Structure formats: C-alpha cells, structure tokens
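This is what each chain is made of:
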Amino acid sequence: SIFAQMALGGAGIGIAFGLGLLFILYSLSRRLEREENIMQVAATVTTAYLCFYTSEVVCHCSGVIAVVICGITTRAFGAGMINDPHLMESFWILLEQLLNTILFSLGGVVWGVVIANDKERTDTGGTFSGTDWGYLFLLYVLLNVIRFVIIFGFYPLVSRIGLKSNLREATFMSYGGLRGAVGIALAISLDSTVFSVTADIPASFVFRKDSSKVFGMVGGIALLTLLINGTLAGPLLLKLGLVRNTATREKILAQIEEEITDHATDDLLHLLADPRFQDVDFAVVISHVPCFKKLTLEQLNSAVARNREGAAPRDYSEPNLQNLLPYLVKESVAIHTAKSGTSKTAEEVEHDFVYQTNNVILLKDSICPLNNSNTTPFSSPEPTTTTFVPASTISETEHTSLSDFDLPTDLSPPERNETILSSDEVSLRAYEIRLIFIDALRFEYNEQSKKGEIDGREGLIHHLLVQSTDFATDAANRGEPLNDWETLFIAEQKYLHFTFGRAIQTLFSPYLVLKKFEGDDRGRSREYRRLRRDVHLALAFICAHQHVQARIKKEFVGKDPGADSLAAYNVILRESNNEIKKAEKVLESSEENDVRVIISHLLCIILLNKRARHIEGLSAVGFFNKQRCTPLLGGN
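These figures come from a predicted structure and were not determined experimentally. Every residue gets a number counted from 1 within its own chain, in the order that chain's sequence is written. Reporting of local features is limited, given that this is a predicted model, to residues whose pLDDT is at least 70; pairs of side-chain atoms are given and counted only at 80 or more, and all residues count toward the totals for whole chains, interfaces and linings. Note: side-chain values were computed over all heavy atoms of the structure, leaving out hydrogens and water.

Q: For this particular structure, what's the right way to read the overall build of the chain?
A: Segments assigned H or I by DSSP are reported as helices when at least four residues long, segments assigned E as strands when at least two residues long, and all are numbered from the N terminus. Helices and strands together make up the secondary structure of the chain, namely 23 helices and zero strands. Only protein chains enter the area calculation, which uses a 1.4 Å probe; residues under 20% of their type maximum are buried, those over 50% are exposed, and those in between are partly exposed. When each of the 636 residues of the chain is scored for burial, the buried share is 41%. For the chain, restricting intrachain contacts to residue pairs at least 6 apart in sequence, the fraction spanning at least 24 positions comes to 76%. About 35,400 Å² of surface is accessible on the chain, with carbon and sulfur atoms providing 61% of the total. What makes two residues a contact is simply this: any of their non-hydrogen atoms within 4.5 Å. Values of accessible area rely on a 1.4 Å probe in the Shrake-Rupley scheme; residue burial ignores everything except the protein chains shown.

Q: How should helix α1 (residues 2–27) be read in this particular structure?
A: Residues three or four positions apart in an α-helix share a direction because the helix packs 3.6 residues into each turn. Multiplying 1.5 Å by the residue count of a helix minus one yields the expected span of that helix. In this model α1 runs 37 Å from its N-terminal to its C-terminal C-alpha over 26 residues, within 8% of the 38 Å that 1.5 Å per residue would give. On its buried side, α1 packs onto α2 (34–58) and α3 (63–78).

Q: I would appreciate a short explanation of the side chain of Glu 453 in the present structure.
A: Mapped onto the fold, Glu 453 is located in the loop between α16 (423–450) and α17 (459–477). What makes Glu 453 buried here is its relative accessible area of 12%. Apart from residues no more than four positions distant in its own chain, Glu 453 is found in contact with Arg 276, Gln 448, Cys 543, Leu 602 and Ile 606.

Q: Even after reading the chapter, I still don't get unusual backbone geometry, so can you show me in this structure?
A: A negative phi angle is the norm for most residues apart from glycine, just as the trans form is the norm for most peptide bonds. Of note in this structure, His 60 is not a glycine but carries a positive phi near 55°. Assignment of secondary structure puts His 60 in the loop between α2 and α3.

Q: Would you take a moment to explain the packing of helix α4 (residues 85–115) against helix α8 (residues 181–197) for this structure?
A: The packing of two helices is summarised by the inter-axis angle and the distance between the axes. The interhelical angle for the contact between α4 and α8, taken along N-to-C directions, is 55°, at an axis separation of 10 Å. Taken together, the axes of α4 and α8 lie oblique to each other. For the pair α4 and α8, the crossing hand works out as left-handed. Packed against α4, whose contacting residues are Asn 100, Leu 103, Phe 104, Leu 106, Gly 107 and Val 110, the element α8 presents Ala 181, Ile 184, Ala 185, Ile 188 and Asp 191 at the interface. Every angle, taken between N-to-C directions, lies between 0 and 180 degrees, and every axis is a line fitted to C-alpha atoms, over only the stretch in contact when it is a helix. Small angles under 35 degrees read as roughly parallel and large ones over 145 as roughly antiparallel, with 65 to 115 read as roughly perpendicular and the rest as oblique. Crossing handedness: left-handed means the near helix sits turned counterclockwise from the far one by under a right angle, and right-handed means the same turn made clockwise.

Q: How do you make sense of helix α20 (residues 526–555) when you look at a structure like this?
A: The end-to-end C-alpha distance of α20, which contains 30 residues, comes to 43 Å, matching closely the 44 Å that a straight helix rising 1.5 Å per residue would cover. Taking burial as the measure, the 30 residues of α20 include 22 buried ones, the bulk of the element.

Q: Help me out: how do you make sense of the state of the cysteines in this one?
A: Disulfide: a covalent bond formed between the sulfur atoms of two cysteine residues. Disulfide: a pair of cysteine sulfur atoms within 2.5 Å of each other. This structure, assessed with the given rule, holds zero disulfides. Unpaired in this structure, Cys 61 has its nearest cysteine sulfur neighbour in Cys 59, at a distance of 5.5 Å. Counting only cysteine sulfurs, Cys 51 is the nearest neighbor of Cys 70, a cysteine outside any disulfide, at a range of 4.7 Å.

Q: What is the right way to read the environment of Phe 556 from this model?
A: Here Phe 556 lies in the loop between α20 and α21 (563–588). The class of Phe 556 is partly exposed, set by a relative accessible area of 39%. Separated by ten residues in the primary sequence, Phe 556 and Leu 566 have C-alpha atoms spaced 9.3 Å apart.

Q: Is there a simple way to explain the packing of aromatic side chains in this structure?
A: Aromatic ring pairs are described here by two measures, namely the spacing of the ring centres and the angle between the planes. Note on aromatic pairs: the rings of Phe, Tyr and Trp (six-membered ring only in Trp) are paired at centre separations within 6.5 Å, and the planes decide the class, stacked below 30 degrees, edge-to-face beyond 60, tilted for the rest. Applying the stated criterion to the full structure yields six aromatic pairs. Relative to Trp 133, the ring of Trp 111 lies with its centre 6.4 Å away and its plane at 75°, an arrangement referred to as edge-to-face. Taken together, the positions of Trp 111 in helix α4 and Trp 133 in helix α5 (residues 130–153) put the pair 22 residues apart, joining distant regions of the chain. Residue class for Trp 111 comes out buried when judged on its relative accessible area of 14%. Seen in terms of ring centroids, Phe 148 and Phe 152 are 6.2 Å apart; in terms of plane orientation they differ by 5°. Their pairing is stacked. On the criterion of helical spacing, the pair formed by Phe 148 and Phe 152 is a turn pair, its members being four residues apart in helix α5.

Rendered as structure tokens:
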C-alpha cells in the first residue's frame, strides 16, 4: 500500500499538475509579447515546486515521481505551445547550473564535517573511522559490479529493441555511471530530517551517527566516481572506438573547415570594402587570425568573383587589397614552384593575377609593388599613407550619397509659397525626425555590439555610445540640434566621476588588450589605451551615422516626401554630417601608425567574432560537436 501510494499517487499528482501547466501555456499564446514568454518560464518553475510540495508534504506521496511525470506530460503535449523555446531552454540550463552549484557546495560542506569527525554529531566524536573508509572503497567496487551485472543482464533485450546497443556501448554505460546530485540531495534531506526529529531524544546520537555514516558513504561515492570514472571516461571512449572518426568523416570535416575559411575570406573582403578599413596592416591580421596564413591568390580571386556575382551591382563595393596582396604573392610563387617544378617571379604572378581578375577587383596600376624582397608574412610592407575616408568623399565610394538634399527650384512663385513651410513648421518636423534619428543611432550601436564590431572587452565604449543617445534625446527635447558627439564625452565624464569607472578602467584595462608584436609595449601605456578607445568610439560613431543616413534616404527621402518634409530631412542630415566631421578630426589628428594598428586590431576582432558565430551556427545544425568547435576558432 505504501508503494502504491508513493508511486501511483505521485504519478497521478504529476499528471494533474502537468495538465494544469499545459492549460497555462496554451493561454499564454501571444508570441510577440515578451511578458507572456517570461510568464511561461515562470509558470514552469512555479508548477514544478508546487507539484513537489503538494505530493511530498500535503499528500505524502513521492515528490520526485510527481515532478518527473509532470515534466514528461508537459514535454509530450506542450512543446509546441512554448512561445520562445530558446528563452525557456536557456533559463532552465542556467537554473540547473545554479542549483547544482548550491547543492554540491552544501553537500561538500556537510561531507567535510562528517569525515572530520565533528564532535557535535556524536558523544564520542568517532563518526567516520578507518573501517568506514574501507567500507567506502568496497562499496564503490560493488556499485560498479552491480551496474555491470544489471546492464549486461538486460543486454540481450536492449540490443534488440529501440535504438539497440552493442557490446562497446554497453561496456561504457556500465562504467560511466556517475553518482551525484540525486544521491547528495537525498542524503542532505535524510540527515536534516534525522537531526530535527531527534532534537529532544536523549539517545539521539545513535540515530545521528547512522545518518552521518550514510552521508559519508554517499558523498564518498560521488567523489570517487567523479575522480575515477569521470577522469577515465575519455580514454575509455577512445579505447572502445566510440569517438573515432572514420576516413570519410575526416574528409567531410576537412571540407567544412575549408568552407569556414572561405566564409572568413568573404567577411574579410566585405570589411576591406568598408571605408573604415581602407588601410589596414595585414601583418596584424594574419597574426591574430591564423586561418589567413595559408590564404593564396587563387583563393582570394575565387572569393572576389564569388562576392561580385552574389551581390547586386548597386550593393557591391570594391575591396581595397593593396595591403593584402604582397603577402599572398610570395606564397603563390612557392606553391607554383612546388607544383610545376619551375620558378615564377613575383612580377609574373602579379601579371597572371591581374589578368585573372580583369574587371573583377582592381586595375594593375593600383597594386602596390610586389617584388619587395624584404616583405615577409610577419613584417609589414612599406606602409601607405593612412587616411580615413571622410564623410564628404563617401559618395564616390558607396552607392548612397551623403550630400544634402536641395529643395526644388523649378516651382513657380505661387506654388513655392504654397509648398515651403514656415521656419517654425520646418523646425517642428525636424524635431520629430531628429528623435527618430537618435533612436535609430541607438539601434545601430546595439547592432554593432551584437555583430562584434564594438570590442566586447571595451565594455565602456558601448555604454558611452548608448548613453550619448540618451543625452542627445534630452537635448533634442529642449529644442537643441543634434549634438551626440559632445554628449558622448558628457556621458564619459559622468561615468568616470560618479562611479568607480576610473578605478576599474585603471585596474583592468592593461590586461584587456590584443597581443602585440614582440617588444611592442604600446598597448600597456595609458596614452595608447586612451587613443584606442577614442578611435573605437569615432569609428563606431561614424559608421552608425552613415548607416542611419543611408536608411533614412532609402526609406523616407527616396519615396518623394515632398518639399516640406525634404527641408526637415535636409536639416537633420546636415547636423549628422557636422557630427561626423567632429569624429573624423580625432582620426586625422592622431598618430597615423597608431591609428592604423588600432583599426587593424578592430578588423581582427570583427573577423573572429564573425567566425565564432559561423562555427556556432554549424554546431547548432549538427555539423560539429562542441569539443570540435573550440580548436576551429583559432584566434590569438
């Protein structure tokens, strides 16, 4: 009767709570309402604890069985009712880690008290003796033997039903039984219950001694399985051949790795077409992104052709390859010599490359000299003049123009008087557009952070950029023009003076730097760190303004808004261009070589972040496991 009450009663309660949770999940069906998605997560947590309490305390049934059955019911019938599966999974993974940490920390403290023979537990202080340690090791051996007996006893059945199994898998399942969370939780519950119940019993030490021995055994078994079984599980898998890749799989993995490199090359070409990266030091790039060390001219030519064919003509921009080609020519000469047995000069390789890429990437006279004998893969060629492309010249390199719009001039005087608004009306329209522009800037900064275009280790940069939009909004509400470059430094001063920001920055920023060349200590100086932050701020600022300008011209101005709205848009675009020029002065007034290295490092950061997201996507669809993904990141 007790078994029926505990097992069947717990199962019934679990089914009831599972059906109730299904009703809640079904009712919260508005997927676009984030509050309802959060309520679904909260409902699963609340139901789990209520189910356990009701079964264990109120009905005196098995709370564990009730929660398990509730979970099975919800999973079987409610998986499609969850609005945000990623949010649900992420929350429960986090909760599992937190609760496991608390459980093992608490269990470790109690187990330490037990094996230390704490005198408060018994009247003699001899709780866990040498004999008990012997029994502990004997129990560990017996538990492993029992697990082997159970699994191989049922092997004739499990090898013929379901997914089936084989001897190698059965061997590892027998050995890989780690004891941990459930056993420790039950031992803690038992020990706590014994101590509370026997508080007023004179001979309570007898019961407490037994519960302490049980806890000592459970904790000891968890420790031994973790140290022995857990440590040797990997070598055993290799020995049994359960993780050995076949020749075909190795070939497939090599092809996927090649695809990852091609994808990184495409990302590199897209970034080299960006005005921010018109003059990068490729020696820095290959130092931090090793996959480009083996990049050849043939691979680069294929990538350029692939990008040009895959993009619309108006959306394609030519990448600037003048600093990249010198490193690839020497490698291509070596490859050609190894394959053909005949030597080929750098000039001949240059000629062949230009011929192959005719009308694809660049003209021959735009390539820097390729016969520099002092050029090596890790020594930068003679640097070109470092010039950041100013806003006034973007129209020549991009398909969208950043010049101001002019009002129509072919209207007759009566029509002009009827069309053009008064200065107050234009100011009112400009005020509304200015607020929209600032909101769009905030979105761009967040998008840059998500894409890895803002260095995540420089957390202050993203914070200041977003804060600048808040101050700019406040200024716009007071009728002031767009001035977010000034508000950027107002946000910085408030952060440094009213928080511990200056102390944190001084303590940790020396260690949050990219690897420099041997003997290069620029990254450790305060002046260089300050310059790096200013350059990152200026680049992110200019990029965000240019993107918002292009979007406004495409979505609003390009749809014939009329002369009245055009005047207001013209005001905001002029204000934005003025702010861009202020940011450009930071780049133009700084040391050219330092700015070049900082921009090159930023390019590396973006490339590595893009590579990481691409590999993460391949892992999500099953091409790689997590262990295989880590070595592929390959960043320094």
